[in-house]
Amino acid sequence: MRTSFNSRSLVLVGGGHAHVHVLKSFGMRAEPGVKVTLVTRDVETPYSGMLPGLIAGHYEHDECHIDLWRLAIATGARLIHAEAIGLDLERRVLELRGRPALPYDVLSLDIGSTPRMQAPGADRHAVPVKPIDHFLQSWQQLVAQVERTAEVPRIVVVGGGAGGVEATLAIHARLRAALGQGARAIPLSLVTRGALLEHFNTRARSILTAELLKRRIAVFDNAEVERVEAGILWCRDGRSIAFDEVFWVTGAGAAQWLGKTSLALDSDGFIAVAPSLRSCNQERVFAAGDVASALAHPREKAGVYAVRQGPPLADNLRRMLRGEPLQPFVPQKRALALIGTGDREAVAVWGPLALKGRWLWTLKESIDRRWMRRYQHLSPMPDRPEGEAAETMRCGGCGAKVSSAVLARVLQRLRSEGADLIDLDDAAILPSPAGETLLQTVDHFRAFVDDPFRFGRIAANHALGDIYAMGGRPATALAIAGVPPGAPDIVEDQLYQMLAGALAVFARSGVRLVGGHSAEAAEISLGFAITGSVRESQILRKRGLAPGDRLVLTKPIGTGAILAGLGQGRARASWIEEALATMEVSSARAAHCLLDHGAHACTDVTGFGLLGHLLEMLNASKMSAVLEVASIPELPGARELITSGIVSTLHAENARCRDAIVTKAGHPGTELLFDPQTAGGLLAGIPAARAQSCIAALRQSGYPHASVIGSVKDAVTGRVEVELL
Ligand SMILES: Cc1cc2nc3c(=O)[nH]c(=O)nc-3n(C[C@H](O)[C@H](O)[C@H](O)COP(=O)(O)OP(=O)(O)OC[C@H]3O[C@@H](n4cnc5c(N)ncnc54)[C@H](O)[C@@H]3O)c2cc1C
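Residues numbered from 1 in each chain as written. Predicted model: local features only at pLDDT ≥ 70, side-chain atom pairs only at ≥ 80, totals over all residues. Heavy atoms only, no water.

Moving on: the pairing of strand β32 (residues 623-627). Along any regular strand, the residues point their side chains to alternate faces of the sheet. Burial analysis of β32 places five of its five residues in the buried class, which makes it a mostly covered element. Because side chains alternate across β32, one face comprises the buried residues M623, A625 and L627, and the other comprises S624 and V626, equally buried. By the bridge criterion, five bridges tie β32 to strand β34 (residues 707-714) in an arrangement that is antiparallel. Considered in β34, the bridge of M623 is made with D714. For β32 and strand β35 (residues 722-724), the ladder comprises three bridges, and the chain directions are parallel. When the sheet's bridge partners are listed, A625 is paired in β35 with V722. (Buried < 20%, exposed > 50% of the residue type's maximum accessible area, 1.4 Å probe, protein only. Helix = DSSP H or I, 4+ residues; strand = E, 2+ residues; numbered from the N terminus. Pairing = 2+ DSSP bridges.)

Below you can see the structure in the form of structure tokens.
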């Protein structure tokens, strides 16, 4: 078996402007033996140049965001959706919120900045412009409220630099459009500590000040905010401004956690880097964009500089990985600033010059759109070369086991973190529960998402589903794991991350991992044999449905199509995230609710799709059913993907049970019924009188999409049928 062999790990932290270039560069031309991982807090990253246009309503969300899932899939990088919160430079690991740390050989940070909010009360009463998605949420709510009520709240923007002025003009434009022509003045103020646009030339200042005044926007300059209280903002000189909403667009501040590392920082807390973009004191760490401070070439914090750093950063990361000398990068001395005025005009500022015009907006738009197209319209990347040890013929059979040293280290790490693992023997010794019947089940599949921790969580959830569907309590698990060959520390980390993900699920479910088998494989795979038990009187089977029972489904369907879309780079980041989040929800509480509400029969919806699993229940119970297709909860994007022909490989096979459908006219939702599910929900027959209270209980227990999707009826024709309404 020939496999790629990853021996080094390049971890990119943050999907900022420079890193999107690095991803694409490594996608176009891979470094042999290097695994590229992107760790990002947000899976859609905004392009700064188009933000004011988004606020003003000139652009839709998708036009100015880069879908990092698609970019990662297209470039062959692993995406880990997580927030970095620390860096252990000695152990060479990146610490992540809520999941195990990630080892690296070379690390690069492009995590941007957030406005500095030093004034007391600002953190409670003001909305910072970054992180952008939080700001956009508040902004969109405000716009919706204005559209609904035609009342404009008093808005204050704090920050009189280019970002603050541009945001203020954009806010004005959007609210003017929401209110329509002839509306009264918009109560909008701009507050700034020093002079407005103090780093710009006189002509630019006078053009933009005139634009603000023309719109009757109140400008408070030389007004440093001293504190913010509910509804009122106090300046140091005693002035106060009443507000309903404050947006904070002040100068860039660095992430606090950088200060807890031993990375060399500048006086503002940004990472000090050499001209090569490498940290001044850590040879394996690089930084670019707002978070970096090039001591030899200081520049303002602006997206344009982050964009320009992309190519030299990619080049120097390659050089570092190859052990070649790094190249210095000298950024341009000044950049053309194009500041939108909200009305599809822009002011161009270049050194001492400034000019306003509609054509400048057209120019800005075409520059911005051209840049976005590079990361939105991804043509297939050239074939990536195999790893440097690709030619090695790996052994099969027991020779393909993960080495005992690697396995021992993984188990030791898991134990030291509190995992409840028994001492391993040749086989697990299990006590049999008194008065209960044993349940056993096994599931195994290859990874569909290149994030071993998340995959481990989903694989564990999926395996436990069978026990929950039978009304049982899982007790122990045996793991079978496949890990691609690679350097021992990379293999160790992948195995560790997978098992750590699974153990996080098992710990919450009261399940002990009692053994397993791990082997080298062409790709990551994981499965579990689960043993559980159930009191005889509580066993839920596929059979037992009664006429009149309501069919209750606990989770939305569509994971098969979304995973197919993910594999083909056709699913949106937001669809992928919702599907993965659904798969990470345990069915333990759902099973309790269904039992409490007198379920007659139950199954978990997995590979055969909703219709396949329903038919199993109906055949076992000798019943027919009516499905109300509009009531079946679906994952966003699943229907769209299926309609455009993106389906799971199992879909066609599942669709063979189409014959059981008796509805004459084609139904728009039919294809989704054949979609195979991973870690899908439970499907149960609940007595009609208790169905609504069952749904209410399920929704309260963390299954917001739980729904009655149909009912059971006698199979009057003698044949099991499903009628679609
Ligand atoms: C209203 C406004 C308008 C602007 N307009 C312009 C303009 O027209 N032109 C211009 O050049 N500049 C503009 N700027 C400045 C510009 O936004 C920034 O300079 C630019 O975004 C910096 O890019 P970056 O690559 O450093 O980081 P960003 O683009 O901010 O990207 C950072 C990435 O890192 C991720 N991240 C953050 N923290 C973590 C973490 N702890 N762990 C994992 N991931 C993390 C984020 O999710 C994000 O994907 C504007 C700023 C504002 C506020």
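Take the sheet that holds strand β12 (residues 155-158) next. The parallel open sheet is built from five strands, whose spatial order is β11-β18-β12-β13-β14. With partners counted over all chains shown, the strands left at the sheet margins are β11 (126-128) and β14 (218-220), one partner each. Strand-to-strand twist across the sheet, computed as the mean angle between neighbouring axes with direction ignored, equals 20°. Two strands pair when backbone bridges link them, and strand β13 (residues 188-191) and β14 are joined in this way by three bridges, in the parallel orientation. By the bridge assignment, S189 is partnered in β14 with A218. Of the strands in this sheet, β11, β12 and β18 (245-248) touch helix α5 (residues 132-149), which is tilted by about 150° from β18. (Axes fitted to C-alpha atoms, helices over the stretch in contact; angles between N-to-C directions. Contact = heavy atoms within 4.5 Å.)

It is worth spelling out the packing of helix α11 (residues 452-469) against helix α14 (residues 573-583) at this point. Between α11 and α14, the shortest axis-to-axis distance is 9 Å and the interhelical angle comes to 50°. As the angle between them shows, α11 and α14 are arranged oblique. Residue-level contacts link R454, I458 and N461 of α11 to E577, L580, A581 and M583 of α14. Partitioning the contact of α11 with α14 into residue classes produces four nonpolar, one polar and two charged. (Parallel < 35°, antiparallel > 145°, perpendicular 65-115°, else oblique. Nonpolar A, V, L, I, M, F, W, Y, C, P; charged D, E, K, R; others polar.)

Right, let's get into the pattern of salt bridges. Applying the stated criterion across every chain, the model contains 40 salt bridges. A salt bridge links R174 to E147, with the nearest nitrogen and oxygen atoms 3.1 Å apart. Here R174, found in helix α6 (residues 162-179), pairs with E147, found in helix α5; they are 27 residues apart in sequence, far enough to count as distant. Take E147: its relative accessible area is 45%, and that puts it in the partly exposed class. Measuring nitrogen to oxygen at the nearest pair gives 3.3 Å for the salt bridge that ties R719 to E721. Each of E211, K214, R215, D343, E345, K356 and R358 takes part in salt bridges that share partners, so that together they form one network. (Salt bridge = Lys/Arg side-chain N within 4 Å of Asp/Glu carboxyl O.)

What follows deals with unusual backbone geometry. The linkage connecting K130 with the following residue, P131, adopts the cis geometry, with an omega of 0°. Of note, P131 is situated in the loop between β11 and α5. Here the phi dihedral of N222 falls at roughly 50°; this positive angle occurs in a residue that is not glycine. Of note, N222 is situated in the loop between β14 and β15 (225-229).

On to the packing of aromatic side chains. As enumerated under the stated definition, the model contains nine aromatic pairs in all. Measuring from ring centre to ring centre gives 6.3 Å for Y59 and W361, while their planes differ by 15°; the resulting arrangement is stacked. Taken together, the positions of Y59 in the loop between α2 (51-56) and β4 (65-67) and W361 in helix α9 (residues 358-376) put the pair 302 residues apart, joining distant regions of the chain. In this structure W361 comes out as buried when scored by relative accessible area, which is 6%. Here the guanidinium or amino end of K301 rests over the ring plane of F270, the centre of that ring lying 3.9 Å away. Against the face of W350 rests R334, its NZ or CZ located 5.6 Å from the ring centre. (Phe/Tyr/Trp six-rings, centres within 6.5 Å; stacked < 30°, edge-to-face > 60°. Lys NZ or Arg CZ within 6 Å of the ring centre and 35° of its normal.)

Fair warning: the whole summary comes from geometry, so function is off the table for now.
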